[in-house]
Amino acid sequence: MSARILVVEDEPGLVLTLEDRLRAEGYVVGVARDGADGFNRASAEPWDLILLDGMLPRKSGFDVCRDLRAKGVKTPVLMLTARGQVSDRVVGLKLGADDYLVKPFDMSELLARIEARLRRDAAPPGSAIPNTLTFGRIQVDFRRAEVTKSGAPVELSGKELHLLRYFLEHPRATLSRTELLEAVWGYSTVPFTRTVDVHVANLRRKLEDDPARPSMIHTIHGLGYKFVVPA
Ligand code: CA
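Being a predicted model, the structure only gives us computed values, none of them experimental.

Bringing the overall build of the protein into the picture now. Counting its regular elements, the protein contains eight helices and twelve strands. When contacts within the protein are restricted to residue pairs at least 6 apart in sequence, long-range pairs at least 24 apart make up 57% of them. Carbon and sulfur atoms form 53% of the exposed surface of the protein, whose accessible area is close to 11,800 Å².

In structure tokens:
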């Protein structure tokens, strides 16, 4: 069944672009052109995701988000915020938004975020991977927090282990830095995407045969990382 996405946006050109592209991707798309209409449709109809502009006529996107959460509507919200308004991002997340993108954004980045959010909500918790597994020359025991490479112990920090687990749970998927930050670090602290790069570099150094030419953790330029399980 196709996922249903509600677009709440007042810029006519962007609405057209989003409608076209999302429909082409196979999503069912609804459109609201102001905050009041957006709030009504978001609370009255079933949606899998809401794309919510911050600056809207009649009711701001921030107010829409806050009021939806207050009403108990738990649909994931991806906020579209204006460039440079860093506080908008923080405010949006505090009001219950799940993710944000700064305008103008790349359509490919938006589609990756949407896909990531829908995939996360679709995955039943705890179903993912066994506690012990072997790939290539590496053996991992998540319960004991032990990793070995060719039988020799490898020291991983808690976050590195958590990151490795998330990679293993999502093989071959393009994972954005934002998704990795949220999954491993949570949004309790102000996110610095550089944190992800540093930890990925550590994992490569400890696990890859040639960290400069990684065979497991691949960089997807402009988007994030992809984990490929070695044969
Ligand atoms: Ca707007």
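Here the focus is helix 7 (residues 177-185). For helix 7, the set of buried residues is Thr178, Glu179, Leu180, Leu181, Val184 and Trp185. Following helix 7 by one or two positions, Gly186 adopts a phi angle in the positive range, close to 75 degrees.

A separate point is the coordination of the calcium ion. Each protein donor to the calcium ion is listed here as Asp10 (OD), Asp53 (OD) and Met55 (O); together their distances run 2.1 to 2.3 Å. The motif formed by the donor residues of the calcium ion, counted along the single chain, is D-x42-D-x1-M. Here Asp53 lies in strand 3 (residues 49-53) and Asp10 lies in the loop between strand 1 (4-8) and helix 1 (12-24), a separation of 43 residues in the sequence. Asp10 gets classed as partly exposed once you look at its relative accessible area, which sits at 33%.

Attention now moves to the nonpolar core. Ranked by internal contacts, the top residues of the largest apolar core, which has 29 residues, are Phe135, Leu164 and Phe167. Of all the elements in the fold, those that place two or more residues in this core are strand 6 (132-135), strand 7 (138-141), helix 6 (158-169), helix 7, helix 8 (194-207) and strand 12 (224-227). For this core, the element with the highest residue contribution is helix 6, accounting for six residues. Residues in contact with Phe135, not counting those within four places in the same chain, are Val140, Leu164, Leu168, Met216, Phe227, Val229 and Pro230. With 21 residues, the next largest nonpolar core counts Leu22, Leu49, Met107 and Ile114 among its residues.

Conventions adopted
Residues numbered from 1 in each chain as written. Predicted model: local features only at pLDDT ≥ 70, side-chain atom pairs only at ≥ 80, totals over all residues. Heavy atoms only, no water. Helix = DSSP H or I, 4+ residues; strand = E, 2+ residues; numbered from the N terminus. Contact = heavy atoms within 4.5 Å. Areas by Shrake-Rupley, 256 points an atom, 1.4 Å probe, with all protein chains shown as cover. Buried < 20%, exposed > 50% of the residue type's maximum accessible area, 1.4 Å probe, protein only. Donors = N, O, S within 2.8 Å, 3.2 Å for Na, K, Ca; no water. Core = buried A, V, L, I, M, F, W, Y, C linked by side-chain atoms within 4.5 Å.

None of the figures reported here should be taken as evidence of function without further support.
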